[in-house]
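If you want the building blocks of each chain, they are given just below.
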Amino acid sequence: MTNPAFSKVSIANTFAIPVDPTKMMFKFNDASSPYIPPASAEYVFRATAVTELISFLRKPDGDAFFITGPTGSGKTSLVLETAARLNWPVQSLTCNGRMEAADLIGMYVLRAPAPGADPITAWQYGPLPMAMKLGHILLLNEVDMMAPEELAALNDVLEGRPLVIGANGGEVVKPHPMFRVIVTGNSVGGGDESQAYQGVMKQNIASMDRYWFMNVGYAPEHVEQNILASASTKVPENIRNRMVTYANEVRGLFESRHLSITFSTRTLLRWCRLASRFRGSVDPNNNANSVGYALEMAFLRRLGDQPEQREALLRLARDVFGQDNWVDGEVAEPGEAQQETETAQAA
């Protein structure tokens, strides 16, 4: 019997990936929930990643899903963009070292009283029971920054058992059939020996035994080139392609411990957009300079207290883009070069 709450859609068409066109996935017909993430028209799906995620969403078999990978590789956006196209509401929360189980479950809060009345307290549900009641995806970002003893509050829920809220009179919340738990982190729960990600904690091995794991690395060059192309900037294709090459060179240096920061896809897209915004305004006679200026804003200024690394990255930029085509970004504020040119022409 057909369920009127869902319809079937082609995975290949919905996510624009090269898979068997007969493969289908269900989609929520109700698109009115405010918890459905917005879809980005420029997002590019990777076939392997979305296929693994859809497999979990379709049938989790009593497990949760752990997406690991370097910063800015697209862990969270993969979940949100997939959910957006399936009209699947998401309860999203970013974890930190001070976060407690109560932040997930809920707590009593003061409510504004009626005029002349005393303040009242009322129970406010956290994202966990909300997702369980309504059949949403619970998305916990940076989950490995949460204290393991607090995260252990999820263990019974991850095994499919009801959530008992003792603080709310022992309320029992049974999991909706469409309830899913997905978490993201820069580690796989074993801590970060490289110490590149401050605040990452080693998680309880019993908790980690309740997850499927997927690694999302940075996208292949051709995918990142497509991402920059879909951003509809004024940056020419040959420059965009060199930007991708530069980003990959930086990542290699970071992985070999020669740099303290790396170049995420998020930063790459920011760089391209800024280069487009400043194109012709930093130096009207040298659009390559807008690329250098944008690199400063998007990335290099993070190395203010590490001049050696900054200089190494500038040398790398000159190598990738060509010495004759590259002008370091810190030569003028946007518009200053234009004013200087106009002043000289007037004289």
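Here is what the cut-offs are and how they apply
Residues numbered from 1 in each chain as written. Predicted model: local features only at pLDDT ≥ 70, side-chain atom pairs only at ≥ 80, totals over all residues. Heavy atoms only, no water. 1 Å grid on protein atoms, 1.4 Å probe; cavity = no way out; pocket = protein on both sides within 12 Å on 5 of 7 lines; lining within 4 Å. Points joined across faces, edges and corners; volume = space filled by probe spheres on them. Helix = DSSP H or I, 4+ residues; strand = E, 2+ residues; numbered from the N terminus. Nonpolar A, V, L, I, M, F, W, Y, C, P; charged D, E, K, R; others polar. Axes fitted to C-alpha atoms, helices over the stretch in contact; angles between N-to-C directions. Left-handed = near helix turned anticlockwise from the far one by under 90°. Contact = heavy atoms within 4.5 Å. Parallel < 35°, antiparallel > 145°, perpendicular 65-115°, else oblique. Core = buried A, V, L, I, M, F, W, Y, C linked by side-chain atoms within 4.5 Å. Buried < 20%, exposed > 50% of the residue type's maximum accessible area, 1.4 Å probe, protein only. Phe/Tyr/Trp six-rings, centres within 6.5 Å; stacked < 30°, edge-to-face > 60°. Lys NZ or Arg CZ within 6 Å of the ring centre and 35° of its normal. Expected span 1.5 Å × (residues − 1). Pairing = 2+ DSSP bridges. Arc of directions from axis to C-beta.

(A) A look at the layout of surface pockets. Looking at the largest pocket, its volume works out to about 610 Å³. Lining the largest pocket we find 27 residues, and of these Tyr 43, Gly 72, Gly 74, Ser 77 and Arg 266 sit closest to its centre. Mapped by element, the contributors of at least two residues to the lining of the largest pocket are helix H3 (75-86), strand E10 (180-185) and helix H11 (265-277). Per element, the largest residue contribution to the lining of the largest pocket is five residues, and it comes from H11. When the residues that make up the lining of the largest pocket are grouped by side-chain class, the tally is six nonpolar, 13 polar and eight charged.

(B) Main features of the packing of helix H2 (residues 47-58) against H3. At a minimum axis separation of 11 Å, H2 and H3 run at an interaxial angle of 65°. The two elements H2 and H3 cross, and the hand of that crossing is right-handed. On the side of H2, the interface is formed by Ala 49, Val 50, Leu 53 and Leu 57, while H3 contributes Leu 78, Val 79, Thr 82 and Leu 86. Its residues assigned to classes, the contact of H2 with H3 shows seven nonpolar, one polar and no charged.

(C) Geometry of empty space enclosed by the protein. By the definition in use, this model includes one cavity of 30 Å³ or more. In this model, the largest cavity occupies a volume close to 40 Å³. As for the largest cavity, its lining consists of Tyr 43, Arg 46, Ala 49, Gly 74, Leu 78 and Val 216. Of the residues belonging to the lining of the largest cavity, the class tally is four nonpolar, one polar and one charged.

(D) Examining the packing of helix H9 (residues 221-230) against helix H10 (residues 237-255) more closely. Packing of H9 against H10 brings their axes to within 9 Å, and their N-to-C directions diverge by 130°. Here H9 is positioned oblique relative to H10, judged by the angle of their axes. Considering how the two elements wind past one another, H9 and H10 form a crossing that is right-handed. From H9, Glu 221, Glu 224, Gln 225, Leu 228 and Ala 229 reach across to H10, where they touch Arg 240, Asn 241, Met 243, Val 244, Thr 245, Asn 248 and Arg 251. When grouped by side-chain class, the residues that make up the contact of H9 with H10 number four nonpolar, four polar and four charged.

(E) Representation of the nonpolar core within the structure. Formed by 36 residues in total, the largest nonpolar core has its most connected members in Met 243, Tyr 246, Phe 263, Trp 271 and Leu 313. In this structure, Leu 313 is in contact with Tyr 246, Val 250, Leu 259, Phe 299, Leu 300 and Leu 303, ignoring residues within four places of it in sequence. By size, the runner-up hydrophobic cluster in this structure holds 28 residues, among which are Val 9, Ile 67, Trp 88 and Ile 182.

(F) Quick peek at the packing of aromatic side chains. The full count for this structure, using the stated rule, is 20 aromatic pairs. Note on Phe 263 and Trp 271: the rings are 5.5 Å apart at their centroids and 55° apart in plane angle, and the pair reads as tilted. For the pair formed by Phe 263 and Trp 271, the shared burial category is buried. An aromatic cluster of at least three residues, connected via ring pairs, comprises Tyr 246, Phe 263, Trp 271, Phe 299 and Phe 321. If you follow Arg 251 out to its NZ or CZ, it ends over the ring of Tyr 218, 4.1 Å from the centre. The ring of Tyr 293 carries the charged tip of Arg 301 above its face, separated from the ring centre by 5.6 Å.

(G) Fine view of helix H13 (residues 307-321). For H13, spanning 15 residues, the distance from its first C-alpha to its last is 21 Å, which sits close to the expected 21 Å at 1.5 Å a residue. Looking one or two residues beyond H13, the residue adopting positive phi is Gly 322, at roughly 95°.

(H) Structural view of the sheet that holds strand E7 (residues 137-141). If you trace the five strands from one edge of the open sheet to the other, you get E4-E7-E10-E3-E11, paired in parallel fashion. Among the strands making up the open sheet, the edge pair consists of strand E4 (90-94) and strand E11 (211-215). Recorded for the sheet is a direction-independent mean angle of 20° between the axes of neighbouring strands. Here H2 sits on the sheet in contact with strand E3 (64-68), E7, E10 and E11, set at roughly 145° to E10.

(I) Structural context of the side chain of Ser 276. Looking at the element boundaries, Ser 276 is found in helix H11. For Ser 276, a relative accessible area of 9% translates into the label buried.

(J) How the structure looks around the environment of Arg 98. Along the chain, Arg 98 turns up in the loop between E4 and helix H4 (101-105). Put simply, Arg 98 and Glu 150 are 52 residues apart on the chain and 9.7 Å apart in space, counted from C-alpha to C-alpha.

(K) The arrangement of unusual backbone geometry in detail. The phi torsion at Ala 16 lies on the positive side, around 50°, for a residue other than glycine. Note on placement: Ala 16 falls in the loop between helix H1 (11-15) and strand E2 (24-28). Phi is positive for Asn 87, which is not a glycine, with a value near 55°. Structurally, Asn 87 is set in the loop between H3 and E4.

(L) Summary view of H2. Taking 1.5 Å as the rise per residue, H2 with twelve residues should run 16 Å; its terminal C-alpha atoms sit 16 Å apart, in good agreement. Every buried residue of H2 is accounted for by Ala 49, Val 50, Leu 53, Ile 54, Phe 56 and Leu 57. Seen along its axis, H2 keeps its buried residues to an arc of 160°; they face one direction.

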